[in-house]
Amino acid sequence: LAPGLQEDDAVRCQVDRCVSRCREGVNLEKILGREERPVPPVYQEPAPNSVWEAVRQGHKVADQERRRLGLGSSPLPDLAELMVDQGIWASGANLPGTMSGLFLHHPSIGMAILVNAQHPRARRRFSYAHEYAHALFDRDRVANVTTTDNRVERVEQRANAFASAFLLPAEGIDDELRQLGKGQPSRGDVLVFDAATGGSIEGQARPAPNSQTIGFQDVAYIAHRFGVSYEAATYRLKSLRRISQAESLELLTSAMQDAGRDYLRALELFDDLEGMDTPQRGTRELRSRIAHLAIEAYRRGEISRGRLLDLSKALEIEGRQLFDLAEVARSA
């Protein structure tokens, strides 16, 4: 039992439910003779002993992992799906507000990531990426819980740095800024060879005054494009030195953040980042994977009707509905 789990019966119940589902999935995979699911590599980095080292490791591995997955610099798809494709069970769970997520690693379930289903969508995406970092760096631990209490630990800072760079790649942000007509240098010099004289032709271009200022609307646009919060996008722009310290402080004032949210609301984009999901929707990726395995096992005659109905209860799917679907699959 990891710190923060053993004291709260409600949290333990939530985690137990998710772990039980993962265990059912593992058992069904064995029944079906599935090969072991592929898992991401372990990145053997020494424990960081400073903030700078934690950030450096997080950014470096985020770039390497994007290249390994062939993601380029584009915004990431659904994070839960990405985790499952990497052999990691992923699900939302009703956790305390101070707990953003946890990473579990045990022979009975393999690897699993749970994120706080009561947090907004953008924060859950960041939590998935954060916990994925623990799967890449800290797999020797049975459990890693991320809370507001341990945020100053170096491994947590490394995971935050990874999540930021993984979700908001530098090249991707620069591409978006160029599309917005922003991010160009204050002065551009050109030098061209002159065939007539053997010398050169020089020129200089300056953007229009204030045309390169990154405003709240630009931050909100980038936040939505990459599926992160307004604050996360601002900090990343500051980290990449696309905005100054003074500009970041201005963009993070309550007035600018409110303007960014109003901008997203006006375009009906706000809920994509700040909206909440129902408990069922937050667990759909995990439940759908296991339901698929259950139907396939029933279709092959590997599990009985009673076992299928037991699984429907564990997955919180109406038993008759799952049975009817399995019967259709068997008769096809």
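Residues numbered from 1 in each chain as written. Predicted model: local features only at pLDDT ≥ 70, side-chain atom pairs only at ≥ 80, totals over all residues. Heavy atoms only, no water.

S.K.: Can you break down the environment of Pro-46 residue by residue, with the values?
M.R.: Tracing the backbone through its elements, the reader meets Pro-46 in the loop between α1 (9-31) and α2 (51-69). The spatial distance from the C-alpha of Pro-46 to the C-alpha of Leu-69 is 23 Å, given a sequence separation of 23 residues. Aside from chain neighbours lying at most four places away, what touches Pro-46 is Gln-57 and Arg-158. (Helix = DSSP H or I, 4+ residues; strand = E, 2+ residues; numbered from the N terminus. Contact = heavy atoms within 4.5 Å.)

S.K.: Please give an account of the pattern of salt bridges that cites residues and values.
M.R.: Counted by the stated rule, this structure contains 23 salt bridges. The salt bridge partner of Arg-261 is Glu-231, with a shortest N-O separation of 3.4 Å. Within this pair, whereas Arg-261 is found in helix α10 (residues 254-266), its partner Glu-231 is found in helix α8 (residues 230-239), the two being separated by 30 residues in sequence. Glu-231 sits in the partly exposed class, given a relative accessible area of 26%. Where salt bridges share partners, they join Arg-121, Arg-124, Asp-277 and Arg-281 into one cluster. (Salt bridge = Lys/Arg side-chain N within 4 Å of Asp/Glu carboxyl O. Buried < 20%, exposed > 50% of the residue type's maximum accessible area, 1.4 Å probe, protein only.)

S.K.: Please set out the pairing of strand β2 (residues 99-106) residue by residue, giving values where relevant.
M.R.: Two faces make up the sheet, and in a regular strand the side chains alternate between them. Counting buried positions along β2 gives 6 out of 8 residues, so the element sits mostly inside the fold. One ladder, built from 5 bridges, connects β2 with strand β4 (residues 143-147); its direction is antiparallel. Following the sheet pairing, Phe-103 is matched in β4 by Asn-144. Counting the residues between successive antiparallel strands, the hairpin from β2 to strand β3 (residues 110-116) contains 3 residues. (Pairing = 2+ DSSP bridges.)

S.K.: Before we move on, could you go through the side chain of Arg-158 and cite the residues and values that matter?
M.R.: Note that Arg-158 resides in helix α5 (residues 154-167). Those residues in contact with Arg-158 that sit more than four places away from it in its chain are Glu-45, Pro-46, Pro-48, Ala-54, Gln-57, Gly-58, Phe-137 and Asp-138.

S.K.: Kindly report on the sheet that holds β2, identifying the contributing residues and their values.
M.R.: Taken together, 4 strands build an open sheet; the order of strands is β1-β3-β2-β4 and the sheet is mixed. The open sheet has two free edges, formed respectively by β1 (88-93) and β4, since each of these has just one partner strand. Strand-to-strand twist across the sheet, computed as the mean angle between neighbouring axes with direction ignored, equals 10 degrees. Bridging between β1 and β3 involves 6 bridges; their strand directions are parallel. Each bridged residue has a counterpart across the sheet, and for Trp-89 the counterpart in β3 is Ala-112. Of the strands in this sheet, β1, β2, β3 and β4 touch helix α4 (residues 121-137), which is tilted by about 150 degrees from β3. (Axes fitted to C-alpha atoms, helices over the stretch in contact; angles between N-to-C directions.)

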